[in-house]
Amino acid sequence: MTYFLIRRFTSLLITLALATVVIFAVMEIVPGDPAQIILGIGATDETLAALRQQMGLDQPLITRYLQWVSGMLIGDFGTSYTYAVPVWELIAERTIVSLPLALIALALSTIIAIPTGIFAASWRGKAPDTGIMGLTQMGIAIPNFWFAMLMVYVFAVMFQLVPAGGFPGWQAGIFVALKSLILPAIALALPQAAILARVTRSALLESLGEDYIRTARAKGLTRSMVLWRHALRNALIPVLTIMGLQFAFLLAGTIIIENVFYLPGLGRLIFQAITQRDLIVVQSTVVLLVATVILINFLVDIAYAWVDPRLHAERS
Amino acid sequence: MNIDAPHEERETWRDFIAKALRNRSFVIGMVITITIVAMALLSFVWTPYDVTKLEIVNRLKKPGTTFIFGTDHFGRDMFSMIMVGARNSIAVAFVAVGIGLVIGVPLGTLAAAKKGWLEEILMRFNDLVFAFPALLSAVMITAIFGPGAINAIIAIGIFNIPVFARISRSAAMALWPREYVMAARVAGKSATRITIEHILPNIANLLIVQATIQFSLGILAEAGLSYVGLGTQPPMPSWGRMLFEAQTMMSFAPHMALFPGIAIIITVLGLNLLGDGLRDLLDPKLRRER
């Protein structure tokens, strides 16, 4: 296990380092000089040069990369070109929208998907199973932003139960704030729930086919006792893996959903920063999201190896 | 019946087609896919109305006998736009899958054949690309090169590379210890030749199924990118773009949002069903488990 941990941790660090290199390189290719963007087209060459020096843009590439990475390690994400505030401040005030949104969506998707998957598996091949599998096929095929638009039409325009978009902020009260997050969360959760329900069902069916289930049945346990006591516990391993991966997708998925609901989250931050050529904001936000994904994948792998000892034994 | 004659195990094309026609997912998926592709092809030579002509007189017409799906805020026929949009969705997803296959499969099979540092590099590359959710990398790519269909293709295509690399590597690795591959090695065939002659034909089934799934994901991704304005640019109609334009008119012209959405759902559903059907048909092992 120790060997596996060390190995996996090393690859985590390598992937993280490579990701920062890729993002930095990509941002270097972006046309446009940040100093020029800040000062506008009327700026003289001297002021431009002065600002470039002040921003450290005259430094060689390697130096700037190292400065950027080492800055992030101590929590300094740089200063936004357009807002002239520390980037971490911008990220922080957007994260308190995006993170709860992703978490609510994950919770919703889990609450819907796992019971549905269990239900379908226990009715394997019968009408309820076929019906649920048909529904999940639909759930996977529906674009979440389209579903979001329909929900806005029904619940915000027709019945006026919830706001059609925007975010009042947490200071407006938890319920008011949650009310404007509920439709986006449902929209995000829908396709994830469909996938998760399918995974739950097939994992459960697979573990129901194992030898120890036959043994349990042979010693006299009923079908439902076997399902709840033995099969479900083992089926949860792949389900947890998929959930970990889905959280990453949810974070990225907020990029589009935030656009449907005009939510001031991380996704909108990236979009605005791109149009304003506020590259340092793009760079740091993307790194943060990618690092989160890498970290979650790492944790899922560790959890998986911890639950299933065969896995790390094989690799080491 | 002659008992001594070797039993004919190989199924003929006729058997396969007969089996395929009995598979409900495959038939429904195939019919939907062919219909959508035919619609897209037809749009090159004929559409009910010209999608480039703006006729304000006909703006925001409800669905009816003249315009079966209604018209948009510029008076363009929604049905014609959906036909032309199909072209665009299919082309983007198709090329993106192509990129994934052409780059991912050689990488994956090579890693399985050579092992060692090459494999290590490939796996790290896979980890890296997987760390960038497709949407995020698409946003970054379009941030550099500007929005457009070509950049959407590149963005989706890059994400497909590790998918195909991973699946072809693991499938190829399972084949290398087999007797017929051993025999080929003993006969002195090179790793590349073995890969082309023995490995590829045997993993083709798996790749076809995965390609169908990636195709449907590509359609969804393209719609998402066009919706946020990073994919196909106007005046070329695209399903995602149509949904974006429909959003502000939701309250008085919901039909503008309804039909492009349904077009996406049907296409993705068709491809997924086709993929499921193909998996059942091509991989009998999986069939028993389902």
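Residues numbered from 1 in each chain as written. Chains lettered and ligands numbered in written order. Predicted model: local features only at pLDDT ≥ 70, side-chain atom pairs only at ≥ 80, totals over all residues. Heavy atoms only, no water.

Quick word on the overall build of chain B
We apply this condition: A run of H or I in DSSP becomes a helix once it reaches four residues, and a run of E becomes a strand once it reaches two; helices and strands are each numbered from the N terminus. Each residue's exposure class comes from its accessible area (1.4 Å probe, protein chains only) as a fraction of the maximum for that residue type: buried when under 20%, exposed when over 50%, partly exposed otherwise. We call two residues in contact when some of their heavy atoms are within 4.5 Å. Here, Shrake-Rupley sampling with a 1.4 Å probe gives the accessible areas, and only protein chains in the shown set may cover a residue. When charges are counted, neither His nor the chain ends are considered; positive counts come from Lys and Arg and negative counts from Asp and Glu. For the purpose of locating charges, the reference atoms are NZ of Lys, CZ of Arg, CG of Asp and CD of Glu.
Regarding its fold elements, chain B presents 11 helices and 0 strands. Reading the secondary structure of chain B in the N-to-C direction produces α-α-α-α-α-α-α-α-α-α-α. Counting only C-alpha atoms and orienting by the principal axes, one finds that chain B spans roughly 75 × 55 × 35 Å. Evaluated residue by residue, chain B yields a buried proportion of 52% over its 290 residues. Sequence-distant contacts in chain B: of pairs separated by 6 or more residues, those separated by 24 or more amount to 69%. Surface exposure of chain B reaches about 14200 Å², of which carbon and sulfur atoms provide 67%. Separation of charge centres in chain B, based on 26 positive and 20 negative side chains, amounts to 2 Å.

Quick look at the overall build of chain A
From N to C terminus, chain A includes 13 helices and 0 strands. Its C-alpha atoms give chain A principal-axis dimensions of roughly 85 × 60 × 30 Å. Every one of the 316 residues in chain A was classed for burial, and the buried ones make up 47%. For chain A, the proportion of contacts with a sequence separation of at least 24, taken over those separated by at least 6, is 71%. On chain A, roughly 15500 Å² of surface is accessible, and the fraction owed to carbon and sulfur atoms is 68%. Side chains of chain A carry 20 positive and 17 negative charges; the gap between the two charge centres is 19 Å.

So, the packing of helix α5 (residues 87–122) of chain A against helix α12 (residues 279–307) of chain A
Angle between the axes and distance between the axes are the two parameters that describe a pair of packed helices. All names here are of chain A. Rules: Helix axes use the C-alpha atoms of the stretch in contact, all axes being lines fitted to C-alpha atoms, and the angles between their N-to-C directions lie in the range 0 to 180 degrees. Any angle from 65 to 115 degrees is called roughly perpendicular, while one under 35 is roughly parallel, one over 145 is roughly antiparallel, and all others are oblique. By definition, turning the near helix anticlockwise from the far helix through less than a right angle yields a left-handed crossing, and turning it clockwise yields a right-handed one.
Following both chains from N to C, one finds α5 and α12 inclined at 55°, their axes separated by 10 Å at the closest point. As judged from the angle between their axes, α5 and α12 are oblique. The crossing of α5 and α12 is right-handed. Here V87, L90 and I91 of α5 come into contact with α12, specifically with I280, V281, S284, T285 and L288.

Things to note about helix α6 (residues 149–175) of chain B
The line we're drawing: To estimate the expected span of a helix, count its residues, drop one, and scale the result by 1.5 Å.
The end-to-end C-alpha separation of α6 of chain B is 38 Å, in line with the 39 Å expected for 27 residues at 1.5 Å each. Of all 27 residues that make up α6 of chain B, 19 are buried, and the element is covered over most of its length.

Notes on the layout of surface pockets
Residue and element names in this part refer to chain A. Using the following cut-off: The definitions used throughout rest on a 1 Å grid laid over the protein atoms alone, on which a cavity is an enclosed set of points accommodating a 1.4 Å probe that cannot get out and a pocket is an open set flanked by protein within 12 Å on both sides along at least five of seven lines; lining residues are those having an atom within 4 Å of a point. Grid points are joined across faces, edges and corners, and a volume is the space filled by probe spheres set on the points. The nonpolar class holds Ala, Val, Leu, Ile, Met, Phe, Trp, Tyr, Cys and Pro. Asp, Glu, Lys and Arg form the charged class, and all remaining residues, Gly among them, are polar. For the domain bounds, the source is a domain assignment made automatically or taken from a database.
Taken as a whole, the second largest pocket encloses approximately 630 Å³ of empty space. What lines the second largest pocket is a set of 24 residues, among which M55, L57, R64, Y81 and I280 lie closest to the centre. Contributions of two or more residues to the lining of the second largest pocket are made by α1 (2–29), α2 (34–39), α4 (61–73) and α12. Counting residues per element, the lining of the second largest pocket draws most heavily on α4, at 4 residues. Split by residue class, the lining of the second largest pocket holds 13 nonpolar, 8 polar and 3 charged. Domain assignment of the residues forming the lining of the second largest pocket places at least three in each of domain 1 (16–73) and domain 2 (95–315).

Structural notes on the packing of aromatic side chains
How we decide: Paired rings are identified among Phe, Tyr and Trp, the last through its six-membered ring, by centres lying within 6.5 Å, and are further divided according to the angle between planes into stacked (under 30 degrees), edge-to-face (over 60) and tilted (the rest).
Evaluated as defined, the whole model comprises 10 aromatic pairs over all chains. Relative to Y227 of chain B, the ring of F145 of chain A lies with its centre 4.5 Å away and its plane at 20°, an arrangement referred to as stacked. Taken together, the positions of F145 of chain A in helix α7 (residues 144–158) and Y227 of chain B in helix α8 (residues 191–227) put the pair across two chains. Accessibility expressed as a relative area gives 2% for Y227 of chain B, which makes it buried. One aromatic cluster is present, built from ring pairs that chain together F24, Y65 and W68 of chain A.

Quick notes on the nonpolar core
The condition is simple: Buried residues of nine kinds, namely Ala, Val, Leu, Ile, Met, Phe, Trp, Tyr and Cys, make up a nonpolar core once their side-chain atoms join them within 4.5 Å.
By size, the foremost hydrophobic cluster in this structure holds 139 residues, and its most contacted members are W68, V286 and V290 of chain A together with W239 of chain B. Counting residues per element, this core draws most heavily on α12 of chain A, which supplies 14 residues. Counting only domains with at least three residues in this core, you end up with domain 1 (16–73) and domain 2 (95–315) of chain A. Beyond its immediate chain neighbours, meaning those up to four positions away, W68 of chain A contacts T20, I23, F24, I280, Q283, S284 and V287 of chain A.

Considering the domain arrangement of chain A
Residues and elements named next belong to chain A. Just so we agree on the cut-off: Defined here as a combined quantity, buried area equals the accessible surface (1.4 Å probe) lost by two parts on assembly, summed across both. Just to be clear on terms, a salt bridge is a Lys or Arg side-chain nitrogen sitting within 4 Å of an Asp or Glu carboxyl oxygen.
The domain architecture assigned to chain A consists of domain 1 (16–73) and domain 2 (95–315). Relative placement of domain 1 and domain 2: their C-alpha centres are 37 Å apart. Contact with domain 1, which involves 11 residues of that partner, is made by 12 residues of domain 2. When domain 1 packs against domain 2, close to 1000 Å² is buried across both sides, 81% of that on carbon and sulfur atoms. Linking domain 1 with domain 2 are 0 salt bridges, by the criterion used here.

Brief notes about the interface of chain A and chain B
Note: interface size is frequently given as the accessible area lost on complex formation between the parts. Applied cut-off: Distance and chemistry together define a polar contact, namely a pair of N or O atoms within 3.5 Å, with one atom able to donate a hydrogen and the other to accept it when in protein, and with adjacent residues in sequence counting only for side-chain atoms on both sides.
Counting from both sides, the interface comprises 42 residues of chain A and, opposite them, 40 residues of chain B. Around 3700 Å² of area is buried between chain A and chain B when both sides are counted, 79% of it from carbon and sulfur atoms. Our enumeration of links across chain A and chain B arrives at 1 salt bridge. Along the contact surface separating chain A from chain B lie 3 residue pairs in polar contact (both at pLDDT 80 or more).

Some points on the pattern of salt bridges
According to the stated counting rule, one finds 10 salt bridges over all chains in the structure shown. A salt bridge links D276 of chain B to R198 of chain A; its shortest N-O distance comes to 3.8 Å. Taken together, the residues span two chains, with D276 of chain B in helix α10 (residues 255–282) and R198 of chain A in helix α8 (residues 174–208). Of the residues examined, D276 of chain B reaches a relative accessible area of 9% and is grouped as buried. Looking at R198 of chain A, the relative accessible area reads 22%, which means it is partly exposed. One network of salt bridges, in which partners are shared, links R198 of chain A together with D276 and R279 of chain B.

Focus: a nonpolar patch on the surface
All names here are of chain B. Our working rule: Note that patches include only residues with greater than 30% relative accessible area and no salt bridge, and the join distances are 9 Å for like charges and 5 Å for nonpolar side chains (Val, Leu, Ile, Met, Phe, Trp, Tyr).
Among the surface-exposed residues, V37, L41, L42, F44, V45 and W46 lie close enough to one another that they form a single nonpolar patch of about 630 Å² accessible area. If you trace the backbone, L41 turns up in helix α2 (residues 24–45). Residue class for L41 comes out exposed when judged on its relative accessible area of 54%.

Description of the confidence of the model for chain B
Predicted coordinates in regions of low pLDDT should not be interpreted in detail. Residue and element names in this part refer to chain B. To keep it simple, the criterion reads: pLDDT is a residue-level measure of predictor confidence that goes from 0 to 100.
When pLDDT is averaged across chain B, the result is 83; 93% of the residues are at 70 or more. Considering only residues more than four positions removed or in separate chains, one finds that residues 286–290, a stretch of pLDDT under 50, has 8 contacts. Interface scoring of the predicted complex returns ipTM 0.84; its pTM is 0.85.

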